[in-house]
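Each chain, written out:
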Amino acid sequence: MLIACPYCGPRDLSEFTYQGDANRTRPHPMSNDQSAWNAYVYDRVNTAGDHREFWQHSGGCRAHLAVVRSTLTHEIKSVAIARESMNREAAK
Amino acid sequence: MVEIVSPLEPDYRRGAHGNREGGSGVTLSETQPGSIVQLAAWPGQDEALRKVIQTVTGLHLDAVPGAGAIVENTAAFGFAPGRWLVVDQAEGRGETLRDRIGSDLGTVCDLSHGRTAIAVEGERAERLLSKLYALDFSAGAFPVGQAKSTAHHDVFTLIHRTGVDRFDLYVYRSFARSFWHLLRASAEEFGYTVE
Ligand SMILES: [Zn+2]
């Protein structure tokens, strides 16, 4: 599997580290909402299809990436620098 | 000036090694730069920091990933978003850059003692490095001046192509001797010279 890092270009999977599901929202650090924390830690959408997830190009530029990958075919649909992707989301 | 101590020292044997049938395919050398400095821009400050690096080093750096340049004893290249490495054979570049880069612009991290620089040069240099890294080392995919961040297993490596047949590698000093062993073993089949 190749992931096309926006900075480095297509690189082998062995250079990357999976950093988890990008669909969940971390509660505010001061939050006492038990169910919100429970959902953040345990609930997963278990997608069959296009899945939003975080990766790090740990064996390369070390940037954190927001990736959309099909869990059915492993096809990588999109890759963005996580910070830029999240700033765009937040601006919406 | 203090004497530079090499982490490769016990295993750094100058001369000709390996398969000598075809002559020497590659030359390996530790370049021992006096300054290896990492610079990182705060978000939105990439352009401003790149311009300061250009002014201080006198090198032209394009605003594209991995862009680098080399003149005589100085090299600079981008290796990650908003991050550059500046290398100089002279000591003290860290101080020069720190004086010019305010805390509003980014950070300056002097890695002169933390990295070991190894030059791989010769007609088999591309082939040798292809054995170690999952990268395309052909001149089309990896032109002179460009740099790439990659890793061989856990040995993180910055690779700067400083000539048609030359690559400058930067590895963690603590891994350097082990990496040097690997490099020598990999160069055995081509015949190599340690300079
Ligand atoms: Zn990358």
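These figures come from a predicted structure and were not determined experimentally.

Trainee: Honestly, the layout of surface pockets in this entry has me stumped. Any pointers?
Mentor: To find leftover empty space, one rolls a probe the size of a water molecule over the atoms. Taken as a whole, the largest pocket spans an internal volume of roughly 670 Å³. What lines the largest pocket is a set of 29 residues, and nearest its centre among them are Cys61(A), Ala63(A), Ala80(B), Pro81(B) and Arg83(B). Looking at the lining of the largest pocket, the elements with two or more residues in it are helix H2 (82-91) of chain A together with strand E3 (35-41), strand E5 (74-80), strand E10 (155-163) and strand E11 (166-172) of chain B. At four residues, the largest contribution of residues to the lining of the largest pocket is made by H2(A). Looking at the lining of the largest pocket, its residues break down into 15 nonpolar, eight polar and six charged. Split by domain, the residues of the lining of the largest pocket number at least three in each of domain 1 (15-32 + 114-194) and domain 2 (35-110) of chain B. Taken as a whole, the second largest pocket encloses approximately 380 Å³ of empty space. The wall of the second largest pocket is formed by 23 residues, among which Ile4(B), Pro33(B), Gly34(B), Ser112(B) and His113(B) lie closest to the centre. In the lining of the second largest pocket, the residues fall into seven nonpolar, eight polar and eight charged. Formed jointly, the lining of the second largest pocket draws a minimum of three residues from each of two domains, domain 1 (15-32 + 114-194) and domain 2 (35-110) of chain B.

Trainee: Before we go on, may I ask you to explain the packing of aromatic side chains in this structure?
Mentor: What characterises a pair of aromatic rings is the spacing of the ring centres plus the angle enclosed by the ring planes. All names here are of chain B. Tallying each qualifying case throughout the model produces 10 aromatic pairs over all chains. Plain terms: the ring middles of Phe-77 and Tyr-170 are 6.0 Å apart, the flat faces sit at 35° to each other, and that makes the pair tilted. One end of the pair, Phe-77, is in strand E5; the other, Tyr-170, is in strand E11, and 93 residues separate them in sequence. Each member of the pair, Phe-77 as well as Tyr-170, is classed as buried. Summarising the aromatic geometry, the rings of Phe-137 and Phe-167 are spaced 5.5 Å apart at their centres and angled 90° between planes, so their arrangement reads as edge-to-face.

Trainee: In this structure, what is going on with the pattern of salt bridges? I would like to understand it.
Mentor: A side chain with one charge may pair with a side chain of the opposite charge, provided their charged atoms come close. Summed over the entire model, instances satisfying the criterion amount to 11 salt bridges over all chains. Linking Glu15(A) and Arg11(A) is a salt bridge whose minimum nitrogen-to-oxygen distance equals 2.9 Å. A relative accessible area of 4% means that Glu15(A) is categorised as buried. Overlapping salt bridges bring together Asp11(B), Arg13(B) and Arg184(B) as one network.

Scoring rules and cut-offs
- Residues numbered from 1 in each chain as written.
- Chains lettered and ligands numbered in written order.
- Predicted model: local features only at pLDDT ≥ 70, side-chain atom pairs only at ≥ 80, totals over all residues.
- Heavy atoms only, no water.
- 1 Å grid on protein atoms, 1.4 Å probe; cavity = no way out; pocket = protein on both sides within 12 Å on 5 of 7 lines; lining within 4 Å.
- Points joined across faces, edges and corners; volume = space filled by probe spheres on them.
- Helix = DSSP H or I, 4+ residues; strand = E, 2+ residues; numbered from the N terminus.
- Nonpolar A, V, L, I, M, F, W, Y, C, P; charged D, E, K, R; others polar.
- Domains from an automatic or database assignment.
- Phe/Tyr/Trp six-rings, centres within 6.5 Å; stacked < 30°, edge-to-face > 60°.
- Buried < 20%, exposed > 50% of the residue type's maximum accessible area, 1.4 Å probe, protein only.
- Salt bridge = Lys/Arg side-chain N within 4 Å of Asp/Glu carboxyl O.

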